[in-house]
Amino acid sequence: MSRIQLMLQSSFTALMLTCAACGGEDDADGGTVVLPPASPAPSPSPSPTPVPTPASFVGAVYAGTDHVGNNSGFDEPENFVVAYGRDVAGMLRLIDHYPTGGIGSGGVPEMDRARRLNPLMSEDSLLAIDDRYLLVVNAGSNTVTSFRINADFTLSRIDVEDTGGTLPISLAYRAGTVYVANADEDGAFTAPSDQIGNITALRLDTATGELTRLDDFSLNLRGRPADLEVSPDGAFLIASSLNASSPRLPQPTAAELTSFRIQADGTLESNPAGTGQSTAINNVADRNLPNALGIEVYAAGGRQFVIAAEARTVSSTGTPAATFATVQTGSISTWEMSADGALIPRSQDVLLGPSKSSGPLQAGYLAYSPHYSSFWVAATSGAVIAGYGLNADGTIARGEIVAAGAAVDPASPTPLAGADGFGDLALSPDGRWLYQIVALRGRIDVYEVDTLVATNIARRYQVEPSILASDSLQGLVAVERRQP
């Protein structure tokens, strides 16, 4: 038995004891902690709870680790993905872990391996294609891995392909073309404020899952990308920029959001079709720059819209925050996308808190629900999830904090020491379950979505197998069982 199997076995035993002590259900096969409800008097002869099997799984959740050898005590030498089966009640059961054939960002000597949040500073580092294939970035080896998603939600590795860029961090897909956001073209990892990345592309053979690089395509972004999304009509690729307006970059820099028209061969036009920026450099309100991380796109009423999560970690003059104390309240902004790719502001710089200096820090991750025209945003350092509704014109209708954990302590010399670190979000395809990586706890939280007030969520389970490290977690996707 391998070391990682022994660790899993011991962790499951410990979890069973924990569940028994706290009143949750027995968990002999998976590592799911059920939050104890107010308990009625115990039944004298309770019926045993059926143990979910692969046949009972209706979907799966896949979590990325951005792993490098010996990370968090594991002897797995490669980056790997962790697979969980999902039953009809939203509960996750560990299936297995799957090496990618590459390494995570810790394999880059210039990058700090200290315990930290969001090592890739990106969203969509994992991407599911039609619930048939799973794509994963290997930031330390500059590659992308493709897996086949099998009928029982196990994974079979198919291919590993070089991206043609440095530090791949985000993926998007359209009609056989995989777009890759690479954080830095020149490989000089001085700081995010100095980085200029690019977009490269791969062909995905939808019959086999094999990848082939488009050697003759590379698009300079004039800034450091964080996320990629394809517009709902498939006509444009939208990129967010983490360091838009930075004075440390050649001018003009990329905007907070940039759209590029997708050409017939799948490559991108070099000139932007549209740009969006919620806050200008040197603004009179002394508002920190957006530092957009995650983005979501959606269509409603024959119109297309973009949502951006804004971390607000860089000052109005473009100076990166030296400490958490200079980071301002995170925000969200929305735009409508016109037929020619132009981005039209709708709601701009909507604060997650009461003021720019007294609210949750570092908005980063988004999940949109097409079932209810609502979305959620996670504040990484602020450790909250806020839920919002949307109006027909793309403006934000309402919103409130719907879940909270342990935030960073800006005044502490070790601000992350007691923090949860809220990470990536993923919504189940049926819209009933919202999953979240709790990055500094090595945990996935499972929330049930309120069908009456769709922005409301209630945490039902915590999934805590020790295979998930307490740092470097990055990427989360949910899939459902394919129809024959």
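Residues numbered from 1 in each chain as written. Predicted model: local features only at pLDDT ≥ 70, side-chain atom pairs only at ≥ 80, totals over all residues. Heavy atoms only, no water.

Details of the overall build of the chain
Tallying secondary structure elements over the chain gives 1 helix and 31 strands in all. The burial tally for the chain puts 57% of its 484 residues in the buried class. Contacts in the chain between residues far apart in sequence, at least 24 positions, make up 57% of those at least 6 positions apart. Surface exposure of the chain reaches about 18,000 Å², of which carbon and sulfur atoms provide 53%. (Helix = DSSP H or I, 4+ residues; strand = E, 2+ residues; numbered from the N terminus. Buried < 20%, exposed > 50% of the residue type's maximum accessible area, 1.4 Å probe, protein only. Contact = heavy atoms within 4.5 Å. Areas by Shrake-Rupley, 256 points an atom, 1.4 Å probe, with all protein chains shown as cover.)

Observations regarding the sheet that holds strand E23 (residues 363–369)
Taken together, the 4 strands give an open sheet; going across it, the order is E23-E24-E25-E26, and neighbouring strands pair in antiparallel fashion. Whereas interior strands pair on both sides, the edge strands pair on one side only; in this sheet they are E23 and strand E26 (396–404). Strand-to-strand twist across the sheet, computed as the mean angle between neighbouring axes with direction ignored, equals 20°. In terms of strand pairing, strand E24 (residues 374–379) meets strand E25 (residues 384–390) through 6 bridges, oriented antiparallel. Across the sheet, residue alanine 378 finds its bridge partner in E25, namely isoleucine 385. (Pairing = 2+ DSSP bridges. Axes fitted to C-alpha atoms, helices over the stretch in contact; angles between N-to-C directions.)

Focus on the sheet that holds strand E17 (residues 274–276)
Strand order in the open sheet made by the 4 strands is E14-E15-E16-E17, with antiparallel pairing throughout. Of all the strands in the sheet, just strand E14 (225–230) and E17 have a single pairing partner and so form its edges. Averaged over all pairs of adjacent strands, the angle between strand axes in this sheet comes to 20°, irrespective of strand direction. Sheet topology note: the strand E15 (residues 236–241)/strand E16 (residues 257–261) ladder contains 5 bridges and is antiparallel. Residue pairing across strands places isoleucine 238 opposite serine 259, the latter belonging to E16.

As for the environment of arginine 460
The residue arginine 460 is located in strand E30 (residues 457–463) in this model. The exposure class assigned to arginine 460 is partly exposed, which follows from its relative accessible area of 38%. Sequence separation between arginine 460 and methionine 91 is 369 residues, and the spatial gap between their C-alpha atoms is 8.4 Å.

Brief notes about the packing of aromatic side chains
Considering all chains together, one arrives at 4 aromatic pairs under this definition. Here tyrosine 298 and tyrosine 368 contribute two aromatic rings whose centre-to-centre distance is 4.5 Å and whose plane-to-plane angle is 20°, an arrangement assigned as stacked. Of this pair, tyrosine 298 sits in strand E18 (residues 292–300) while tyrosine 368 sits in strand E23, and the two are 70 residues apart along the sequence. Each member of the pair, tyrosine 298 as well as tyrosine 368, is classed as buried. By the ring-pair criterion, three or more aromatic residues cluster together here, those being Tyr298, Phe305 and Tyr368. (Phe/Tyr/Trp six-rings, centres within 6.5 Å; stacked < 30°, edge-to-face > 60°.)

A closer look at the environment of aspartate 265
Residue placement: aspartate 265 occurs in the loop between E16 and E17. Assessed through its relative accessible area of 43%, aspartate 265 is described here as partly exposed. Separated by 88 residues in the primary sequence, aspartate 265 and threonine 177 have C-alpha atoms spaced 9.0 Å apart. Within the structure, aspartate 265 has its side chain in polar contact with the side chain of threonine 267 (distance 2.6 Å). (Polar contact = N/O pair within 3.5 Å; in protein donor to acceptor, adjacent residues only side chain to side chain.)

So, the side chain of threonine 258
Relative to the assigned elements, threonine 258 resides in strand E16. Those residues within four positions of threonine 258 in sequence are excluded, and the remaining contacts are Leu237, Ile238, Ala239, Pro272, Gly274 and Thr275.

Notes on the side chain of threonine 100
Tracing the backbone through its elements, the reader meets threonine 100 in the loop between strand E4 (92–99) and strand E5 (126–129). Engagement of the side chain of threonine 100 in a polar contact is seen with the side chain of asparagine 138, the distance being 2.6 Å. With sequence-adjacent residues up to four places away left out, threonine 100 is seen in contact with Glu78, Asn79, Phe80, Val81, Val136, Asn138, Thr145, Phe147, Arg157 and Val160.

Some points on the pattern of salt bridges
Counted by the stated rule, this structure contains 13 salt bridges. Arginine 287 is the partner of aspartate 349 in a salt bridge, and the nearest nitrogen-oxygen pair spans 2.9 Å. Residue aspartate 349 is located in the loop between strand E21 (343–345) and strand E22 (350–351), and its partner arginine 287 is located in the loop between E17 and E18; the two are separated by 62 residues in the primary sequence. Residues joined by salt bridges that share partners form a network here, namely Arg287, Glu310, Arg312 and Asp349. (Salt bridge = Lys/Arg side-chain N within 4 Å of Asp/Glu carboxyl O.)

Regarding the nonpolar core
Core analysis: the largest hydrophobic core is formed by 33 residues, its most contacted members being Leu171, Val178, Tyr179, Ile199, Leu228, Leu237 and Leu268. Where this core is concerned, the elements lending two or more residues are E5, strand E6 (133–138), strand E9 (166–174), strand E10 (177–184), strand E11 (198–204), E14 and E15. The greatest single-element share of this core, amounting to 5 residues, is contributed by E10. Aside from chain neighbours lying at most four places away, what touches leucine 228 is Asp124, Ser170, Leu171, Ala172, Tyr179, Val180, Ala181, Ile199, Leu237, Ile238, Ala239 and Ile295. Counting residues in hydrophobic clusters, the runner-up holds 22 residues, among them Phe80, Met91, Ile437 and Leu468. (Core = buried A, V, L, I, M, F, W, Y, C linked by side-chain atoms within 4.5 Å.)

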